[in-house]
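Chain residues, written in single-letter form:
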Amino acid sequence: ATPQEAAVLAQLKDIWSIGDNKVNRWNESVDACNGPWPGITCGLKDAITVPKKCLISNTSCKVTHLDLSNSSLTGEIPFILGGLSNLLSLDLHGNQLVGEVATQLFYGFPHLCHVDFSYNYFNDTIPKLNRAKIEDSNWEHNCFSEYGGCRLLPNMRPLCECQNMTALLLPKCPSWVRKNPIVLYVLVGVCPFSVILCSFLVVMFCFLRRQRKNPIIRRTCSSKIQSVECRPFTYQELEEATNNFHDNRLLGCGGSGSVYQGRFANGSCMVVKQLVKAADYGDTDFWKEVLTIGAIHHPNVVRLRGYCKESRGLERLLVYDYMPNGSVLDALLSNDVHLLPWSRRYSIALATACGLEYLHEHCSPRIIHKGVKPSNILLDRNFTARVGDFGLAKIGCSEQTHIGPQVFVDPDYVLTGRLTDKSDVFSFGMFLLVLIKGRQVLETPGKAQLFSRIQVLAKADDPSDFVDPRLRGVFDKTQITLCAQIALLCTRILPDLRPTMGEIRRILDGTANIPLTTSLINSPGSSSRGSFASECPTPSIGSCYGHRAGSFISDCYMSSSICHGGSDSV
Ligand SMILES: Nc1ncnc2c1ncn2[C@@H]1O[C@H](COP(=O)(O)OP(=O)(O)OP(=O)(O)O)[C@@H](O)[C@H]1O
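Residues numbered from 1 in each chain as written. Predicted model: local features only at pLDDT ≥ 70, side-chain atom pairs only at ≥ 80, totals over all residues. Heavy atoms only, no water.

### Looking at the sheet that holds strand E1 (residues 40-42)
The strand order across the open sheet built from 5 strands is E1-E2-E4-E6-E8, with neighbouring strands paired in mixed fashion. Looking along the sheet, the strands with just one partner apiece sit at the ends: E1 and strand E8 (136-138). Pairwise comparison of adjacent strand axes, ignoring direction, gives a mean angle of 15° for this sheet. Here 3 bridges tie strand E6 (residues 114-116) to E8, and the two strands are oriented parallel to one another. The residue of E8 that forms the bridge with His114 is Asp136. (Pairing = 2+ DSSP bridges. Helix = DSSP H or I, 4+ residues; strand = E, 2+ residues; numbered from the N terminus. Axes fitted to C-alpha atoms, helices over the stretch in contact; angles between N-to-C directions.)

### Side note on a nonpolar patch on the surface
On the surface, Leu197, Phe200 and Leu201 cluster together into a nonpolar patch covering about 300 Å² of accessible area. For Leu197, the position within the fold is in helix H4 (residues 181-213). By relative accessible area, which is 41% here, Leu197 ends up partly exposed. (Patch = residues over 30% accessible without salt bridge, like charges linked within 9 Å, V, L, I, M, F, W, Y side chains within 5 Å. Areas by Shrake-Rupley, 256 points an atom, 1.4 Å probe, with all protein chains shown as cover. Salt bridge = Lys/Arg side-chain N within 4 Å of Asp/Glu carboxyl O. Buried < 20%, exposed > 50% of the residue type's maximum accessible area, 1.4 Å probe, protein only.)

### Regarding the packing of helix H8 (residues 342-361) against helix H10 (residues 421-437)
Relative orientation of the contacting elements H8 and H10 amounts to 175°, with a least axis distance of 10 Å. On the basis of their axis angle, the class for H8 and H10 is roughly antiparallel. Contacts between H8 and H10 involve Trp342, Arg345, Ile348, Ala349, Thr352, Ala353, Leu356 and His360 from the first element and Asp421, Asp424, Phe428, Phe431, Leu432, Val434, Leu435 and Ile436 from the second. Considering only residue class, the contact of H8 with H10 consists of 11 nonpolar, 2 polar and 3 charged. (Parallel < 35°, antiparallel > 145°, perpendicular 65-115°, else oblique. Contact = heavy atoms within 4.5 Å. Nonpolar A, V, L, I, M, F, W, Y, C, P; charged D, E, K, R; others polar.)

### Observations concerning the nonpolar core
Of all hydrophobic cores here, the largest spans 77 residues; its most connected members are Ile348, Leu359, Phe428, Ile504 and Leu508. Looking at which element gives the most residues to this core, the answer is H8, with 11 residues. Ranked by size, the runner-up nonpolar core spans 28 residues in total, among them Trp37, Ile40, Ile80 and Phe117. (Core = buried A, V, L, I, M, F, W, Y, C linked by side-chain atoms within 4.5 Å.)

### Looking at unusual backbone geometry
Outside of glycine, negative phi angles account for most residues, and trans bonds account for most peptide bonds. In this model, Asn243 sits at a positive phi of 55°, which is unusual for a non-glycine residue. We classify Asn243 as partly exposed; its relative accessible area is 35%. In this structure, Phe383 is a non-glycine residue whose phi angle is positive, near 65°. In this structure, Phe383 sits in the loop between strand E17 (377-379) and strand E18 (385-387).

### Describing the packing of aromatic side chains
Per the counting criterion, the structure on display carries 6 aromatic pairs. Centre to centre, the rings of Phe233 and Phe264 are 5.4 Å apart; their planes meet at 55°, and the pair counts as tilted. Taken together, the residues Phe233 in the loop between strand E11 (231-232) and helix H5 (235-241) and Phe264 in the loop between strand E13 (257-263) and strand E14 (269-275) connect sequence positions 31 residues apart. Phe264 shares its class with Phe233; the two are buried. Ring pairing ties together the aromatic residues Tyr235, Phe245 and Tyr260, which thus form one cluster. Directly above the ring of Phe383 sits Arg344, whose terminal nitrogen or CZ lies 3.7 Å from the centroid. (Phe/Tyr/Trp six-rings, centres within 6.5 Å; stacked < 30°, edge-to-face > 60°. Lys NZ or Arg CZ within 6 Å of the ring centre and 35° of its normal.)

### Focus on the state of the cysteines
By definition, a disulfide links the sulfur atoms of two cysteine residues through a covalent bond. Across all of its chains, the model carries 1 disulfide by this definition. The disulfide partner of Cys33 is Cys42, and the gap between their sulfur atoms is 2.0 Å. Negative torsions about the S-S bond denote left-handed disulfides, and the value of about -80° found for Cys33 with Cys42 makes this one left-handed. Exposure remark for Cys33: the relative accessible area of 24% places this residue in the partly exposed category. The buried category is assigned to Cys42, whose relative accessible area is 17%. (Disulfide = S-S within 2.5 Å.)

### Re the pattern of salt bridges
In this structure the tally under the stated criterion is 12 salt bridges. Arg345 serves as the salt-bridge partner of Asp468, at 3.0 Å between the closest nitrogen and oxygen. Taken together, the residues Asp468 in the loop between helix H12 (447-459) and helix H13 (477-490) and Arg345 in helix H8 connect sequence positions 123 residues apart. A residue is classified by how much of its surface remains accessible, and Asp468, at 4% relative accessible area, is buried. Its relative accessible area of 2% is what places Arg345 among the buried residues. Across the pair Glu357 and Arg505 runs a salt bridge whose closest N-O atoms are separated by 2.7 Å. Of the two residues, Glu357 is situated in helix H8 and Arg505 in helix H14 (residues 501-508); the sequence distance between them amounts to 148 residues. When sorted by exposure, Glu357 lands in the same class as Arg505, which is buried. Within this structure, Glu357, Arg505 and Asp509 form a network of salt bridges that share partners.

### Re the sheet that holds strand E15 (residues 304-308)
If you trace the 6 strands from one edge of the open sheet to the other, you get E11-E15-E16-E14-E13-E12, paired in mixed fashion. A strand with exactly one partner marks an edge of an open sheet, and here the two such strands are E11 and strand E12 (250-254). Two strands pair when backbone bridges link them, and E14 and strand E16 (residues 316-321) are joined in this way by 6 bridges, in the antiparallel orientation. Each bridged residue has a counterpart across the sheet, and for Lys273 the counterpart in E16 is Leu318.

Shown next, in the form of structure tokens:
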């Protein structure tokens, strides 16, 4: 299984091990594609016909079929399930699963062809699936309001066999109606109209109540805000959890405020973030945005669990999931050199790309992070990376950085003030460079030097001399070169020429190749159109570089003193 899949399966095991069910028999000491993991199949499975359009390359080491039917599963479907991104079939029939099957979950499964969610207790509505791909879906014997538990045809039209629906029995007409046909005619004419009117009023009433409770529903990624998941906390609760915001609970301080570990009365551990700059932001808009962020669920983003409106003074408080392994920055600065072996760094790159792809391409409206950097990429207990602090840019909280030079900030944004998803792509490129070269990148004073380092790395036949010495020579050269080439694409001067996060994720997970233009940069002096090399000649001492739409622009966006790249060693 891929590292991401292994992490998801470990979490599913925590949640779904019940009695002697299949999940409980998963043997974590062997790879899921290589041992006794009941219900899990990697590669192609004979029993299920997979149409050509669904096939993905190189599936033998990827989890492609998950069959947890009749496994006594209870509760809601955990969102981390969406991290099994190579699934072709998903069978959860015959359990006691409840709640909503969110459309959002299915964004995680671009190749899914067969789903069986029958014989559960799912309610609400059937999610909108990728109709072009899903061949067969079975939703019967659930509590979906729209179809009353019908089986759906591949094209999503309900095939109403509805065996479990009791016939609608109407009482016999009372005798006075039978004797007086005029009454009957009046009743026949008026009753249906009144029933329709009443139903309409009831539906309108429920709809308006829901709207008032969740005014931001239309702006979120998920179809519904589940208040139980992102809830209000009292100030007292947070004071008690953080030992009165004591220094011994302080995890770190960023530009937006201080971060405390909170231990709550129910035994849960969460992070309490005191936002200091947010006070300028209008009250209503602030809480609207916060609720929007709270509705976002993805295995590679840190969940916002709550907020506190009654904070004292100017501060505002947010509560997040606690990430036991801190941030990538913490791991890079730690004395333990074994914390970030190369294989883990590659998984972190991939997971971060997944999280950002989700924010950019699956949230509506899209969310631009604006603060992608090692301190905002957090590591959960399995060292799976999750993007933190997203959305805070919108409420004026993530401008600051505490890691020296603003190496992660897109120069095009600094120059033009135009913020797009490609600004995050730029920052992600720099983040890749940090993963390859380690903390020395954070100590480098200027972008010009860093750009030249990326170029040298991407072109190098053997990148060994240029990687983080803390890796002690243990790494996959091909992956290093691939990451360097992606970093080169991401840091192109012209944002339009940078890839999207979806494209980057596909290159990293092996489902797409690096574009041809990048391979051309391997030939020194080539003038490949669109490659960084041609946009930006290698800088020489004292020169600034960057050619943009006919005009020369200084790359010394921050200050001319940093512009002395080119000759330094990589
Ligand atoms: N959810 C979390 N779980 C565990 N530790 C966290 C969490 N969020 C933040 N931290 C810790 O707090 C530190 C500071 O986080 P914060 O996001 O405030 O820093 P920053 O990224 O430098 O600031 P900013 O994003 O505001 O510029 C992180 O480096 C990390 O060690």
